[in-house]
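Structural overview for review
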Amino acid sequence: MAKQIQAIRGMNDILPTQSPLWQKLETVLRETVSAYGYSEIRTPIVESTDLFKRSIGEVTDIVEKEMYTFDDRNGDSLTLRPEGTASTVRAGNEHGLLYNQEQRLWYMGPMFRHERPQKGRYRQFNQFGVEVYGIGSADVDAEVLMLSHRLWEKLGITEHVTLELNTLGDPAERAAYRDALIAYLEQFKEQLDEESQRRMYTNPLRVLDTKNPEVQALLTDAPELMEYLGEETRAHFSHLCELLDAVGIKYVINPRLVRGLDYYNRTVFEWVTSSLGAQGTVLAGGRYDGLVEQLGGKNTPAVGFAMGLERIVLMLETLELTQDIPATVDVYVTAMGDASKIEAIKIAQSLRSELPHLRVMSHCGGGNFKKQMKRADKSGAQVALVIGEDELANNQVAVKYLRDKKEQELVARDALATYIAELI
């Protein structure tokens, strides 16, 4: 026997029993962004490596350790996209969608990072993101946060997530703070772990994001970015908080919150949860006003967020919020005898035409009544339609209930669609 080929480590299959939950989540996402007037954009999975080096930053874990990068046959360096924002900006610049325009966009699809696989985190993962271009005011920051809050409401997990907010200021403000932070960290250089020492001069704000408790203790008296912000940045953040207060969205201001990507400025945020064990982030984003220009476009304000769908699916399963996921089949059509088989196929096709929302599965492969009923039950259908010789002769269909304790009923063939429409 030939050796079986296994999936690559960290590349996860979504099986037929799992896909209904994914479909429900994807439907909620699409309906929510549509309600806010956002348009979908789809970009290639493979991009030029330079795109991510210039956008994410060369001194980041993603670029240094996690990207799937390879040379193609022409010698060009290509990368499987590790996130969606850079690709969206590249597409917007290339097709003239951004300069002097307002765009509200969303995307959904697979991303790739060579991380250590764990539950809810895979090397190929599915990400949903929202991007707004051309609006620099705090009201659109509030809008994307309201949109994310609406997602939690529709998924039933509002009570299980907390919004954390911070502002990173503008580049000049952050540069002044960066110098002060480096000066502070230099006092403890020998006590910092290897990763923090490496980041201290290249990306010192990421030291604030350390998970090392010993380094966290050293940061207790570190200078805070808020002390270096100008009046305009403070007003922007204050107005955002005011708008969130007005719509009743609770939040916590976390001065240690920084985003792992270099391109963020001003507003940054994360929705975090403790429902998956240790506190973890389920959605993150912020403002990145300089990214469009950094990637060759004109100066364009931008704000957005991204979320990994695997984490949300795991959260829904952990909180046992999957009970209302419908079965993939509503009606299972069976036939007893050769003459009935043709009629059964015609009935199934007729129901699909008359009731387009109905999910109808036809039994294939023959078998006795017991075998067909066993498959009908396994399909998850609410009812089975039985067409035997007697039903065929009387132009009727037997409706057998599979989930309710009801007696089997005989329904006239020409009244079947109406009967099923009232039933399901």
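Residues numbered from 1 in each chain as written. Predicted model: local features only at pLDDT ≥ 70, side-chain atom pairs only at ≥ 80, totals over all residues. Heavy atoms only, no water.

If you check an unreviewed UniProt entry, the protein chain appears there as Histidine--tRNA ligase from Shewanella canadensis. As stated in UniProt under Subcellular location (unreviewed entry), the record for the protein chain gives "Cytoplasm". The protein chain has a UniProt comment under Catalytic activity (unreviewed entry) that states "tRNA(His) + L-histidine + ATP = L-histidyl-tRNA(His) + AMP + diphosphate + H(+)". (UniProt positions renumbered as here; feature names shortened; annotations may be inferred.)

1. A look at the packing of helix α5 (residues 138-155) against helix α9 (residues 231-246)
Packing of α5 against α9 brings their axes to within 8 Å, and their N-to-C directions diverge by 45°. Classified by the angle between their axes, α5 and α9 sit oblique to one another. In this structure, the crossing between α5 and α9 has a hand that is right-handed. Residues Ala138, Asp139, Asp141, Ala142 and Leu145 of α5 lie in contact with α9, whose contacting residues are His236, His239, Leu240, Leu243 and Leu244. Residue composition of the contact of α5 with α9, by class: six nonpolar, two polar and two charged. (Axes fitted to C-alpha atoms, helices over the stretch in contact; angles between N-to-C directions. Helix = DSSP H or I, 4+ residues; strand = E, 2+ residues; numbered from the N terminus. Parallel < 35°, antiparallel > 145°, perpendicular 65-115°, else oblique. Left-handed = near helix turned anticlockwise from the far one by under 90°. Contact = heavy atoms within 4.5 Å. Nonpolar A, V, L, I, M, F, W, Y, C, P; charged D, E, K, R; others polar.)

2. Quick look at the packing of aromatic side chains
A full pass over the atoms with the stated rule returns six aromatic pairs. Between Trp106 and Phe128, the aromatic rings sit 5.9 Å apart at their centres with planes inclined by 40°, giving tilted as the arrangement. Residue Trp106 is located in strand β5 (residues 103-112), and its partner Phe128 is located in strand β6 (residues 124-133); the two are separated by 22 residues in the primary sequence. Here the two residues Trp106 and Phe128 agree in accessibility, since each one is buried. Summarising the aromatic geometry, the rings of Phe128 and Phe305 are spaced 6.4 Å apart at their centres and angled 50° between planes, so their arrangement reads as tilted. (Phe/Tyr/Trp six-rings, centres within 6.5 Å; stacked < 30°, edge-to-face > 60°. Buried < 20%, exposed > 50% of the residue type's maximum accessible area, 1.4 Å probe, protein only.)

3. A closer look at the pairing of strand β10 (residues 280-287)
Most of β10 sits out of view: seven of its eight residues are buried. For strand β9 (residues 265-273) and β10, the ladder comprises seven bridges, and the chain directions are antiparallel. Paired with Glu270 across the bridge in β10 is Ala284. In this structure, β10 lies alongside strand β11 (residues 302-308), joined through four bridges in antiparallel fashion. (Pairing = 2+ DSSP bridges.)

4. Here's the deal with the nonpolar core
Of all hydrophobic cores here, the largest spans 44 residues; its most connected members are Phe128, Trp152, Phe305 and Met307. Per element, the largest residue contribution to this core is nine residues, and it comes from α5. Beyond its immediate chain neighbours, meaning those up to four positions away, Trp152 contacts Ile157, Thr158, Val161, Trp271, Val282, Leu283, Met307 and Ile312. Counting 42 residues, the second largest nonpolar core, distinct from the first, contains Tyr107, Phe125, Ala222 and Leu257. (Core = buried A, V, L, I, M, F, W, Y, C linked by side-chain atoms within 4.5 Å.)

5. Considering a nonpolar patch on the surface
Taken together, the side chains of Ile45, Val46 and Phe70 make up a nonpolar region of the molecular surface, amounting to roughly 220 Å² of accessible area. With respect to the helices and strands, Val46 occurs in strand β2 (residues 46-48). (Patch = residues over 30% accessible without salt bridge, like charges linked within 9 Å, V, L, I, M, F, W, Y side chains within 5 Å. Areas by Shrake-Rupley, 256 points an atom, 1.4 Å probe, with all protein chains shown as cover. Salt bridge = Lys/Arg side-chain N within 4 Å of Asp/Glu carboxyl O.)

6. Re α5
With 18 residues, α5 extends 26 Å from end C-alpha to end C-alpha; this agrees with the ideal 26 Å at 1.5 Å per step. For α5, a buried count of 13 out of 18 residues is recorded, marking the element as mostly surrounded by other parts of the structure. Positive phi appears at Gly156, one or two residues downstream of α5, with a value of about 80°. (Expected span 1.5 Å × (residues − 1).)

7. Structural notes on a positive patch on the surface
Taken together, the side chains of Lys370, Lys371, Lys374, Arg375 and Lys378 define a basic patch exposed on the protein surface. Residue placement: Arg375 occurs in helix α13 (residues 369-379). (Lys, Arg positive; Asp, Glu negative; His and termini not counted. Charge placed at Lys NZ, Arg CZ, Asp CG, Glu CD.)

8. Structural notes on the domain arrangement of the protein chain
Interface size, as often reported, equals the accessible area lost upon joining of the parts. What the domain assignment reports for the protein chain is domain 1 (18-170 + 230-319) and domain 2 (331-423). Each of domain 1 and domain 2 has a C-alpha centre, and these two points are 47 Å apart. (Domains from an automatic or database assignment.)

9. Looking at the pattern of salt bridges
On inspection of all chains with the given rule, the structure shows 16 salt bridges. Where Glu232 meets Arg266, a salt bridge forms, and the shortest distance between an N and an O atom there is 3.3 Å. Of this pair, Glu232 sits in helix α9 while Arg266 sits in strand β9; the two residues are 34 residues apart in sequence, bridging distant segments of the chain. Overlapping salt bridges bring together Glu47, Arg90 and Glu94 as one network.

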